[in-house]
Amino acid sequence: MHSHGQRVAGKIALVTGAANGLGRAIAVRLAEEGATLVLADVDTAGLAETERQIEATGQSAMAFTADVTEEAPVKALFAAVFKAHGRLDILVNDVGGGTTGRIWEAKLEDWDFVLRLNLRSAFLCTREAAAHMRERRSGRIINLSSGAREGTPWTAYYIGNSAYSAAKAGIHGFTRGVALELAEYGVTVNAVAPGPIETERTGPGFRKIETLEYGPVRATPLRRIGVPADVANAVLYLASDEANYVTGTTLAVAGGR
Ligand SMILES: NC(=O)c1ccc[n+]([C@@H]2O[C@H](COP(=O)([O-])OP(=O)(O)OC[C@H]3O[C@@H](n4cnc5c(N)ncnc54)[C@H](O)[C@@H]3O)[C@@H](O)[C@H]2O)c1
């Protein structure tokens, strides 16, 4: 259990990809610390469950079913946020993932899909948030990169997914570039780069390859798979006033890998 406090009390926070995995954990953690949540995802049933968990913390949440890789739904999403709350304090770009397999077999449409899912989503949501936060001269943007931004040994040996590595390295560069553009307006932009984190989606895969030579636990100095709370706490820190002087950085939450 973590302690519940007021580290983001009164803030309006939008979390994309909030219907599952890390996005859900991030949204619930921000709610526990006093934020009012807006959730976006393509998985309507998953959103309802996240909403239920947030309401159990005593905070309120609004859920939007939206494909954040497309311009029109993203514009509609932000319009709805401003209509409901009049402002946005925290944006967490969590949507991402995807796989291409080994490079010599990778399909063009899979390459395009992975870049689109990870980069285009972050671009579209960040553009809307930045225009607003720049004017208000305040705001926090937090992106999800990955340990894969430098390549992931277990993925490389057993699955192959260089498009994902390229996209998450892209997130690191995007984060830094946008941070510098927004710095004079008092808006901070950072990324969290998780190592292997157990979710419903990733857990079975990690266990399947753990006995092999480059198992994720073995390749992680702290000798465990991370839990969603490890990532949610890092995002919470970057979203809180404690991180006032931190911008343009990618924080590894990867057990020393
Ligand atoms: N789990 C890990 O080990 C790990 C490690 C490093 C980085 N990450 C990154 O963290 C983020 C979350 O990962 P996760 O493991 O929780 O993933 P996940 O697949 O469990 O959750 C992603 C969510 O995004 C939603 N989504 C997919 N496409 C969408 C779209 N076009 N529009 C709106 N929503 C969409 C899905 O419905 C899902 O709820 C991703 O960016 C991922 O790349 C995860």
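Going by the structure above, here's the rest.
All residue numbers refer to positions counted from 1 along the written sequence of the respective chain. Given that this is a predicted model, residues contribute local features only at a pLDDT of at least 70 and side-chain atom pairs are listed and counted only at 80 or more, while totals for whole chains, interfaces and linings are drawn from all residues. Calculated side-chain values reflect all of the structure's heavy atoms, with hydrogen atoms and water omitted.

## Overview of the overall build of the protein chain
In step 1: Of the regular secondary structure elements, the protein chain holds eight helices and seven strands.
In step 2: The C-alpha radius of gyration computed for the protein chain amounts to 17 Å, which stays within 12% of the reference 18 Å derived for 257 residues, consistent with globular compactness.
In step 3: Projecting the C-alpha coordinates of the protein chain onto the three principal axes gives extents of approximately 50 × 40 × 35 Å.
In step 4: With 257 residues in all, the protein chain has 49% of them scored as buried.
In step 5: Taking the contacts inside the protein chain whose residues are at least 6 apart along the sequence as the reference set, 73% of them involve residues at least 24 apart.
In step 6: The method behind every accessible area is Shrake-Rupley, applied with a 1.4 Å probe, and residues are considered shielded solely by the protein chains displayed. For the protein chain, the exposed surface amounts to about 11800 Å²; the carbon and sulfur share of it is 54%.
In step 7: The averaged location of the 28 negative side-chain charges in the protein chain is 3 Å from the averaged location of its 27 positive side-chain charges. Runs of H or I in DSSP of at least four residues are treated as helices and runs of E of at least two as strands, each being numbered from the N terminus. The reference for a compact globule is 2.2 Å times residues^0.38; the radius of gyration itself is calculated from the C-alpha atoms. The classification of residues rests on relative accessible area computed with a 1.4 Å probe and restricted to protein chains. Under 20% of the type maximum is buried, over 50% is exposed, and intermediate values are partly exposed. Note on contacts: a residue pair is in contact if any heavy atoms of the two residues lie within 4.5 Å. We score Asp and Glu as negative and Lys and Arg as positive, and we do not count His or the chain ends. By convention, the charge on Lys lies at NZ, on Arg at CZ, on Asp at CG and on Glu at CD.

## Quick look at the site of the ligand
In step 1: Throughout, the term near means that a residue has one or more heavy atoms lying within 4 Å of the molecule or strand in question. Near the ligand you find 30 residues, and of these Leu22, Asp41, Asp67, Tyr164 and Arg201 are the closest.
In step 2: Any pair of N or O atoms that falls within 3.5 Å is considered a polar contact. Within protein, one atom must be able to donate a hydrogen and the other to accept it, and sequence-neighbouring residues count only if both atoms are side-chain atoms. Note that an oxygen atom of the ligand is positioned 3.5 Å from one of the backbone N or O atoms of Gly96.
In step 3: Between the ligand and Lys168 there is a distance of 2.9 Å, counted from an oxygen atom to a side-chain nitrogen or oxygen.
In step 4: In isolation the ligand has 830 Å² of accessible area, and contact with the protein removes 89% of it.
In step 5: Of all the secondary structure elements, the ones that give two or more residues to the shell around the ligand are helix H1 (21–32) and helix H6 (162–182).
In step 6: A per-class count over the shell around the ligand returns 13 nonpolar, 11 polar and six charged. Asp, Glu, Lys and Arg are counted as charged, while Ala, Val, Leu, Ile, Met, Phe, Trp, Tyr, Cys and Pro are counted as nonpolar; the rest, among them Gly, fall into the polar class.

## Regarding the side chain of Asp94
In step 1: Mapped onto the elements, Asp94 comes out in the loop between strand E4 (90–93) and helix H4 (108–136).
In step 2: By salt bridge we mean one thing: a side-chain nitrogen of Lys or Arg within 4 Å of a carboxyl oxygen of Asp or Glu. This buried residue, Asp94, is left without a salt bridge; Lys168 holds the nearest opposite charge, at 7.5 Å.
In step 3: Beyond its immediate chain neighbours, meaning those up to four positions away, Asp94 contacts Thr16, Gly17, Leu22, Gly23, Ile26 and Leu144.

## Focus on the environment of Asn118
In step 1: Tracing the backbone shows Asn118 in helix H4.
In step 2: By relative accessible area, Asn118 is classed as buried at 1%.
In step 3: Beyond its immediate stretch of four places on either side in the chain, Asn118 contacts Val95, Gly96, Gly97, Tyr164, Ala167, Lys168 and Ile171.
In step 4: Among the polar contacts made by the side chain of Asn118, one reaches the main-chain carbonyl oxygen of Val114 at a distance of 2.8 Å.

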